[in-house]
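As a plain string of letters, each chain reads:
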Amino acid sequence: MNATNKAITLAFTGASGAPYGMRLLECLLAADYTVHLLISSAARVVLATEHDIKLPSGPEAAHKQLVARLNCEPDKLVVCGKEDWFSPVASGSAAPKQMIICPCSAGSVAAIAHGMSDNLIERAADVVLKERGQLLLVVRETPFSTLHLENMHKLSTMGVTIMPAAPGFYHQPKSIDDLVDFIVARVLDHMGIEQALVPRWGYDQR
């Protein structure tokens, strides 16, 4: 895979599940991807609540903090402002062909399903859809209402992968980190990215 193809858009929304998003970001960077990171205002609140990460609202300051925390190459992480309409992810001619929203709120599912594009996360998802790229939503909500299910069904018929944050237990998890890794591993598998977090069923089972 060439350097141009090794770019991906990752978005955090205001659903519970910040540890999934941060672990996924870590793994994508470790896989030598250039990650275009989009963070909603609500996601910043969730990061502070669930992961004790207090990100500044400015993209430059957030970038500096995340690079230091993750010890990654600065040019491998692109933090976009929530209304940065000149970002590559907002244009079909420049956006990465793959996008993950993790965690994905039910509100974001609804907005994407109906083409709202009122913020950069929604616009980026709309771009991936119209360009026939790969969009995966790690939906974190329970229980699902009929509206939630209808919106997810609509997106599924358009080729979107709907992956609720529902970890399995057959790998005998010993910690919360193990449960997080289960979902992150499934995401990476579906995006065609090599991972060694959790063995696939039937391989190296205990």
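Residues numbered from 1 in each chain as written. Predicted model: local features only at pLDDT ≥ 70, side-chain atom pairs only at ≥ 80, totals over all residues. Heavy atoms only, no water.

Asks: Honestly, the overall build of the protein chain in this entry has me stumped. Any pointers?
Replies: Of the regular secondary structure elements, the protein chain holds 7 helices and 6 strands. Ordered by position from the N terminus, the helices and strands of the protein chain form the series β-α-β-α-α-β-β-α-α-β-α-β-α. The C-alpha atoms of the protein chain give 16 Å as radius of gyration, which agrees with the globular expectation for 206 residues (17 Å, within 12%). Seen through its principal axes, the protein chain has C-alpha atoms that stretch 50 × 40 × 35 Å. Every one of the 206 residues in the protein chain was classed for burial, and the buried ones make up 46%. Expressed as a percentage of contacts within the protein chain between residues at least 6 apart in sequence, the contacts between residues at least 24 apart total 70%. (Helix = DSSP H or I, 4+ residues; strand = E, 2+ residues; numbered from the N terminus. Rg over C-alpha atoms; globule rule 2.2 N^0.38 Å. Buried < 20%, exposed > 50% of the residue type's maximum accessible area, 1.4 Å probe, protein only. Contact = heavy atoms within 4.5 Å.)

Asks: Can you walk me through the pattern of salt bridges in this structure?
Replies: For the structure on display, the rule yields 6 salt bridges. One salt bridge connects R23 with E26, and the closest N-O pair in it is separated by 2.8 Å. Taken as a pair, R23 and E26 lie in helix α1 (residues 18-30) at a separation of 3 residues, close to a single helical turn. Given the relative accessible area of 22%, R23 is considered partly exposed. With a relative accessible area of 39%, E26 lands in the partly exposed category. What emerges from the salt-bridge pattern is a single network uniting R23, E26 and D181. (Salt bridge = Lys/Arg side-chain N within 4 Å of Asp/Glu carboxyl O.)

Asks: What is the right way to read the environment of I183 from this model?
Replies: On the secondary structure map, I183 appears in helix α7 (residues 176-190). Among the residues examined, I183 registers a relative accessible area of 2% and is labelled buried. A C-alpha to C-alpha distance of 21 Å links I183 and R44, two positions 139 residues apart in sequence. Setting aside residues no more than four positions away along its own chain, I183 makes contact with Y20, V138, M163, P164, A165, A166 and P167.

Asks: Before we go on, may I ask you to explain the environment of G159 in this structure?
Replies: Tracing the backbone shows G159 in the loop between α6 (146-157) and β6 (161-162). For G159, a relative accessible area of 54% translates into the label exposed. Distance in space between the C-alpha atoms of G159 and A124 is 16 Å, their sequence separation being 35 residues.

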